[in-house]
Amino acid sequence: MDKIRINLDTGLLNVADFCLSPNHDLRPEEEIIDLLVIHNISLPPGEFSGDAIEQFFMNTLDFTANPFYIDIRHMKVSAHLLIRRDGRVKQFVPFHLRAWHAGESQFESRARCNDFSIGIELEGADDIPYTSIQYAQLSAIAKQLMKSYPGISFDRIVGHCTIAPHRKTDPGPAFDWGYFFDLVEKEVSA
């Protein structure tokens, strides 16, 4: 695996393919990035092939290709990163810009988590185990995010379910938080 680095001038991750999603905007002035939100996504749900996720984030998804897509046709969403099942990383929004990943959300009495968070999507589903390479990539990226954005600490890495508990369940019970935090701890100590 290549050494992961973040260019703070561009907000880009060196190991990610980059394709700018139209679903982003500026963060509020003076906002400090101090939260990392872990999500999951698969389109259609539970299927892990094809480029439907990328098309969805780029507003180019053919909504007639699957009956499930009709329910999401009105949505305009993105994430900073997507980590595929095979470990490939795609970046859709530079870290210093606001991705549209959290929706209506709150963390420690602060609403609108998109304003101060970075969102990472794992290709997956709540009840299907994630891959070892996804955990390895996610932990290495989390380490670099913590280094580049010191407001992000272990207690400020959460699931979408934490910031939108009445709407969201991801990354779900299949996500092994203990294993993930152990990997991050090893990355930070290295």
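Residues numbered from 1 in each chain as written. Predicted model: local features only at pLDDT ≥ 70, side-chain atom pairs only at ≥ 80, totals over all residues. Heavy atoms only, no water.

Within the protein chain one finds 5 helices and 12 strands. Its C-alpha atoms give the protein chain a radius of gyration of 15 Å, near enough to 16 Å, the size a compact globule of 190 residues would have. Sorting the 190 residues of the protein chain into buried and exposed places 50% on the buried side. Look at the contacts in the protein chain between residues 6 or more apart in sequence, and 71% of them connect residues 24 or more apart. Put simply, the protein chain shows about 9,200 Å² of open surface, and 53% of that area lies on carbon and sulfur atoms. Of the side-chain charges in the protein chain, 18 are positive and 27 negative, and the distance between the mean point of each set is 2 Å. (Helix = DSSP H or I, 4+ residues; strand = E, 2+ residues; numbered from the N terminus. Rg over C-alpha atoms; globule rule 2.2 N^0.38 Å. Buried < 20%, exposed > 50% of the residue type's maximum accessible area, 1.4 Å probe, protein only. Contact = heavy atoms within 4.5 Å. Areas by Shrake-Rupley, 256 points an atom, 1.4 Å probe, with all protein chains shown as cover. Lys, Arg positive; Asp, Glu negative; His and termini not counted. Charge placed at Lys NZ, Arg CZ, Asp CG, Glu CD.)

Bringing the pattern of salt bridges into the picture now. When the charged atoms of two side chains lie near each other, side chains of opposite charge can form a pair. Tallied over the entire structure, the rule returns 10 salt bridges. As a salt-bridge pair, Asp34 and Arg156 come within 3.3 Å of each other at their nearest N and O atoms. Placement of Asp34 in the loop between strand E4 (24-25) and strand E5 (35-41) and of Arg156 in the loop between helix H3 (132-148) and strand E12 (157-159) is noted, with a sequence separation of 122 residues between them. For Arg112, the salt bridge identified is with Asp115, shortest N-O distance 3.7 Å. (Salt bridge = Lys/Arg side-chain N within 4 Å of Asp/Glu carboxyl O.)

Right, let's talk about the environment of Ser139 for a bit. For Ser139, the position within the fold is in helix H3. Residues Ser139 and His160, 21 residues apart in the sequence, show an inter-C-alpha distance of 17 Å.

Next up on the list: the packing of aromatic side chains. Applying the stated rule across the entire model yields 13 aromatic pairs. Consider the rings of Phe57 and Phe92, whose centres lie 5.1 Å apart with planes at 85°: the pair is edge-to-face. In this pair, Phe57 sits in helix H1 (residues 52-57) while Phe92 sits in the loop between strand E7 (89-91) and strand E8 (98-99), placing the two residues 35 residues apart along the sequence. Taken individually, Phe57 and Phe92 each receive the classification buried, so the pair is uniform in this respect. Note on Trp177 and Phe180: the rings are 6.1 Å apart at their centroids and 75° apart in plane angle, and the pair reads as edge-to-face. Of the two residues, Trp177 and Phe180 both sit in helix H5 (residues 177-189), 3 residues apart, roughly one turn of that helix. Trp177 gets classed as partly exposed once you look at its relative accessible area, which sits at 25%. Through a chain of ring-to-ring contacts, three or more aromatic side chains come together here, namely Tyr130, Tyr135, Phe154, Phe175, Trp177, Tyr179, Phe180 and Phe181. (Phe/Tyr/Trp six-rings, centres within 6.5 Å; stacked < 30°, edge-to-face > 60°.)

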